[in-house]
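Fold and geometry: a report
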Amino acid sequence: MPATEPLLKPEPARPAHVIAVANQKGGVGKTTTAINLAAALAEQGFRVLLIDLDPQGNASTGLGVAPAERQLTTYDLILSDGQPDAIIRPTSVANLWICPANSDLASADIDLVANEKRSFLLHDALRHPDFDARAFDVVLIDCPPSLSLLTVNALVASHAVLVPLQAEFFALEGLSQLLLTVRDVRRSANPDLRIEGVLLTMYDGRNNLAQQVEADARENLGDMVFHTVIPRNVRLSEAPSHALPVTEYDTASKGAEAYRALANEIGARLKR
Ligand code: ADP
Ligand code: MG
């Protein structure tokens, strides 16, 4: 062995664990989960990128990216070969970066249809060397409220999908529709796609219906359901208007504690 050869080779950087936060229903807590799980993982020292894949741009607004700072967005990342380094922005939270979105993404579904790689554009964009250099541990994708091509792009680009489920009557029916889409993506493009977990959100333990939905979900889905349940907590709904995750807006709130518990569940798997 030549003397100049290092005895210990440096560990190759581990690729980021990519999680799509998806549910075709609006208002179930996708964006709230994406922002606050991202912030709680960042608080634990993980390097986290949040990709806003919703034309409404709520995750971007909630993390304080003003519209004027969205000259370049996720649209440019997936549809016009934008340089990730020019698009990704730091947030006020250490270890947390965001790829912002605005209404440019609203036309993406139409712009994607004619593209023969239409389902793979986000997957391919994440292979850009800029991402390796930033060495993210986790990438969270905040999906739009639909099973559109954008959501399919997220599922193709991800290792796993996290499904927020609002504890209400038709919740499980919507879930089976999403799981069929996951099955299709596994068959066609991403055989290793896993379910990271189903997360009960906006949970009110005094409400019988919520208890029933939780019992049904745990009985039917077993380990797929996270131990952590996110309570209904007004601090979670106030935080975005202060451009902060709840972990910084009201660090001791029930909402902050719940998302930290979720980050512990997911963080423990990441360390394994
Ligand atoms: P989605 O991204 O699925 O459309 P959001 O995360 O935007 O859903 O949540 C919808 C609304 O519910 C928002 O106004 C949000 O602030 C509020 N919300 C979400 N989760 C909670 C919660 N656990 N407690 C109270 N309000 C919540
Ligand atoms: Mg949303």
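Note: the structure precedes this text.
Since this is a predicted model, take the numbers as computed values, not measurements. (Residues numbered from 1 in each chain as written. Chains lettered and ligands numbered in written order. Predicted model: local features only at pLDDT ≥ 70, side-chain atom pairs only at ≥ 80, totals over all residues. Heavy atoms only, no water.)

This part covers the site of ligand 1. Around ligand 1 sit 14 residues, and of these Gly27, Lys30, Thr32, Pro231 and Asn233 come closest. Here an oxygen atom of ligand 1 sits 2.6 Å away from a polar atom, N or O, in the side chain of Thr32. Within the backbone of Pro231, an N or O atom sits 2.9 Å from a nitrogen atom of ligand 1. When isolated, ligand 1 has an accessible area of 560 Å², and the protein chains bury 78% of it. Among the elements of the structure, helix H1 (30-43) and helix H11 (234-238) are those that each provide at least two residues to the shell around ligand 1. Here the residues of the shell around ligand 1 are counted per class, giving five nonpolar, seven polar and two charged. (Near = heavy atom within 4 Å. Polar contact = N/O pair within 3.5 Å; in protein donor to acceptor, adjacent residues only side chain to side chain. Areas by Shrake-Rupley, 256 points an atom, 1.4 Å probe, with all protein chains shown as cover. Helix = DSSP H or I, 4+ residues; strand = E, 2+ residues; numbered from the N terminus. Nonpolar A, V, L, I, M, F, W, Y, C, P; charged D, E, K, R; others polar.)

For the rest of this paragraph, the subject is empty space enclosed by the protein. On inspection of all chains with the given rule, the structure shows one cavity of 30 Å³ or more. For the largest cavity, the calculated volume is near 40 Å³. Every residue along the wall of the largest cavity is listed here: Thr31, Thr32, Ile35, Asn36, Leu236, Ala239, Pro240, Leu244, Pro245 and Val246. Among the residues forming the lining of the largest cavity, the class breakdown is seven nonpolar, three polar and no charged. (1 Å grid on protein atoms, 1.4 Å probe; cavity = no way out; pocket = protein on both sides within 12 Å on 5 of 7 lines; lining within 4 Å. Points joined across faces, edges and corners; volume = space filled by probe spheres on them.)

This paragraph deals with the pairing of strand E1 (residues 17-21). With five of five residues buried, E1 is to be regarded as a mostly interior element. As paired strands, E1 and strand E5 (residues 138-142) are joined by five bridges and run parallel to one another. Across the sheet, Ala20 pairs through a bridge with Ile141, a residue of E5. Across three bridges, the pairing between E1 and strand E6 (residues 160-166) is parallel. Bridge pairing links Val21 to Leu162 in E6. (Buried < 20%, exposed > 50% of the residue type's maximum accessible area, 1.4 Å probe, protein only. Pairing = 2+ DSSP bridges.)

The next point concerns the nonpolar core. Ranked by internal contacts, the top residues of the largest apolar core, which has 53 residues, are Leu49, Leu122 and Ile141. For this core, the leading source of residues is helix H8 (residues 149-157), giving seven residues. If we ignore the near neighbours within four places in the chain, the residues touching Leu49 are Ile88, Trp97, Ile98, Cys99, Phe131, Phe136, Val138, Val139 and Leu140. Core analysis: the next-biggest nonpolar cluster, separate from the first, contains 35 residues, Ile35, Leu96, Tyr259 and Ala263 among them. (Core = buried A, V, L, I, M, F, W, Y, C linked by side-chain atoms within 4.5 Å. Contact = heavy atoms within 4.5 Å.)

Between side chains of opposite charge, a pair can form as their charged atoms come close. All told, the structure shown has twelve salt bridges when counted by the stated rule. Its salt-bridge partner being Glu196, residue Arg269 comes within 2.8 Å of it at the nearest N-O pair. Placement of the pair is Arg269 in helix H13 (residues 254-271) and Glu196 in strand E7 (residues 194-201), with a sequence separation of 73 residues. In this structure Glu196 comes out as buried when scored by relative accessible area, which is 3%. Put simply, Asp204 and Arg206 hold a salt bridge, and the shortest N to O gap is 3.2 Å. We classify Arg206 as exposed; its relative accessible area is 76%. Taken together, the shared-partner salt bridges connect Glu43, Glu257 and Arg260 into one network. (Salt bridge = Lys/Arg side-chain N within 4 Å of Asp/Glu carboxyl O.)

Before going further, it helps to spend a moment on unusual backbone geometry. The backbone of Asp81 shows a phi angle near 50°, a positive value even though the residue is not glycine. Along the chain, the position of Asp81 falls in the loop between helix H3 (74-79) and helix H4 (84-87). You will see that Ala135, though not glycine, has its phi angle at about 50°, which is positive. Looking at the element boundaries, Ala135 is found in the loop between helix H7 (129-134) and E5. Under the relative-accessibility criterion, Ala135 is labelled partly exposed at 37%.

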